[in-house]
Amino acid sequence: MDTDADPAGRPFAVIGATGRQGGSVVDALLERGARVRALVRDPDAPAARRLAERGVELSVGELDDAASLDRLFAGVAGAFAMTTPRGGIEHETASGIAAADAAARAGVPHYVFSSVGGAERHTGIPHFESKRRVEEHLDALGLHRTIIRPVFFMDNLAARSVSVEDAQAVVRMALPAHVPLEMVAVRDIGRVAAAILRGGTPVEGSSLEIAGDRLTGDDIAEAIGLHAGLPARYEALPLEAVASFGDMAQMFRWFAETPAYQADFAMTRAIDPELLDLSAWLAQSGWMPGR
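Residues numbered from 1 in each chain as written. Predicted model: local features only at pLDDT ≥ 70, side-chain atom pairs only at ≥ 80, totals over all residues. Heavy atoms only, no water.

J.: Before we go on, may I ask you to explain the packing of aromatic side chains in this structure?
T.: Aromatic ring pairs are reported here in terms of the distance separating the ring centres and the angle at which the planes meet. Taken as a whole and judged by the stated rule, the model has eight aromatic pairs. Geometrically, the ring pair formed by Phe-255 and Tyr-261 is tilted, given 5.2 Å between the ring centres and 50° between the ring planes. The pair formed by Phe-255 and Tyr-261 is uniform in burial state, with each residue classed as buried. In textbook terms, an aromatic cluster arises when at least three aromatic residues are bridged by ring pairs, as seen for Phe-128, Phe-152, Phe-252, Trp-254, Phe-255 and Tyr-261. (Phe/Tyr/Trp six-rings, centres within 6.5 Å; stacked < 30°, edge-to-face > 60°. Buried < 20%, exposed > 50% of the residue type's maximum accessible area, 1.4 Å probe, protein only.)

J.: Sorry, what's going on with the packing of helix 1 (residues 20–31) against helix 7 (residues 186–198) here?
T.: The description of two helices packed together rests on the angle between their axes and the distance between the axes. At their nearest, the axes of helix 1 and helix 7 sit 7 Å apart, and the two run at 55° to each other. As summarised for this structure, helix 1 and helix 7 are arranged oblique, according to the angle between their axes. Between helix 1 and helix 7 the crossing geometry is right-handed. Packed against helix 1, whose contacting residues are Arg-20, Gln-21, Ser-24, Val-25, Ala-28, Leu-29 and Glu-31, the element helix 7 presents Val-186, Arg-187, Ile-189, Gly-190, Arg-191, Ala-193, Ala-194, Leu-197 and Arg-198 at the interface. (Axes fitted to C-alpha atoms, helices over the stretch in contact; angles between N-to-C directions. Helix = DSSP H or I, 4+ residues; strand = E, 2+ residues; numbered from the N terminus. Parallel < 35°, antiparallel > 145°, perpendicular 65-115°, else oblique. Left-handed = near helix turned anticlockwise from the far one by under 90°. Contact = heavy atoms within 4.5 Å.)

J.: Sorry if this is basic, but what is going on with the sheet that holds strand 10 (residues 181–184) here?
T.: What links the strands of a sheet is backbone hydrogen bonding, and the strands pair in either a parallel or an antiparallel sense. The strand order 7-10-12 describes an open sheet built from three strands, whose pairing is mixed. The outermost strands of the open sheet, each flanked by one partner alone, are strand 7 (152–153) and strand 12 (213–215). (Pairing = 2+ DSSP bridges.)

J.: Help me out: how do you make sense of the nonpolar core in this one?
T.: The nonpolar side chains of soluble globular proteins are, as a tendency, buried together. Membership of the largest hydrophobic core comes to 74 residues, with the highest contact counts inside it found for Phe-255 and Leu-278. If we skip the residues at most four places from it in the chain, Phe-255 touches Phe-152, Leu-175, Val-179, Leu-181, Ala-260 and Tyr-261. Counting 19 residues, the second largest nonpolar core, distinct from the first, contains Leu-69, Ala-100, Ala-103 and Phe-113. (Core = buried A, V, L, I, M, F, W, Y, C linked by side-chain atoms within 4.5 Å.)

J.: What am I meant to see in the pattern of salt bridges here?
T.: Opposite charge on two side chains makes pairing possible when the charged atoms of those side chains draw close. Taken as a whole, this structure holds 22 salt bridges when the rule is applied. Of the charged contacts in the structure, one is a salt bridge between Glu-135 and Arg-149, with a shortest N-O distance of 2.7 Å. Of this pair, Glu-135 sits in helix 5 (residues 126–141) while Arg-149 sits in strand 6 (residues 145–150), placing them 14 residues apart in sequence. Residue Arg-149 is classed as buried on the basis of its relative accessible area, which comes to 8%. Between Arg-233 and Glu-165 there is a salt bridge, with the nearest N and O atoms lying 3.8 Å from each other. (Salt bridge = Lys/Arg side-chain N within 4 Å of Asp/Glu carboxyl O.)

J.: When you look at the side chain of Thr-146 in this model, what are you seeing that I'm missing?
T.: Within the secondary structure, Thr-146 is located in strand 6. The contacts of Thr-146, once residues within four sequence positions are left out, are His-110, Tyr-111, Val-112, Phe-113, Ile-196, Val-203, Glu-204, Gly-205 and Ser-206.

By themselves, these observations are geometric and do not establish any function.
So, in structure tokens, the structure goes:
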């Protein structure tokens, strides 16, 4: 175990620790010997109890409760925060602003906010725009902050886009086959965020769009087929196929019709030397299509 914990023994606060992205930050911080304090709604929930068993300090509360945010941020070395659009876009913005305000009240020394690739470029995609508004609020506060902007999650391919049909791996997305898509492993979001929190990176105080690979649909299918030992093909879906999934159609239209994501691969790898490309993520994750 490396031990780049805070010299004063202060914990790092993490919002979203029971989820995939915040959980990856917890993993990376604990691997480096840091103390972690996590915001949880229910300390008796299985995910929260697993954190506690690993030595994470649980801070019970909600993002819409100022007092619980004040407790979370009291005396920390730094904080990681993220938002999700699950409760609606306006709620996401309000939650992100509430957390930023609490961090400012507490005088958090360094605040790392996970936004989304392209948020600052006024995409018009609702769940990108909500994060842009949080970014703008952070800047207005004058809080010492670093913004990371992850691109498409590799992990989402496994959850939504791949099936096995007639002993063949089939990848389907609403993206033309020739258009490359930048992507990142959730694991690496945590590693980048933790490295920035621990200090000493050249991006501290600025913003960084992060990615680990850039592949077309055909490339993605080939990588998955090689991993699974199956023939594979890619099928581009029309945008109408995802029209019922909220603002998903707007996002895939943006992928196809603009330069879309513009990650800094070199800087991402400099911060996270073990950054995974898609083939490495497939091998590391143990995921197999159809299982």
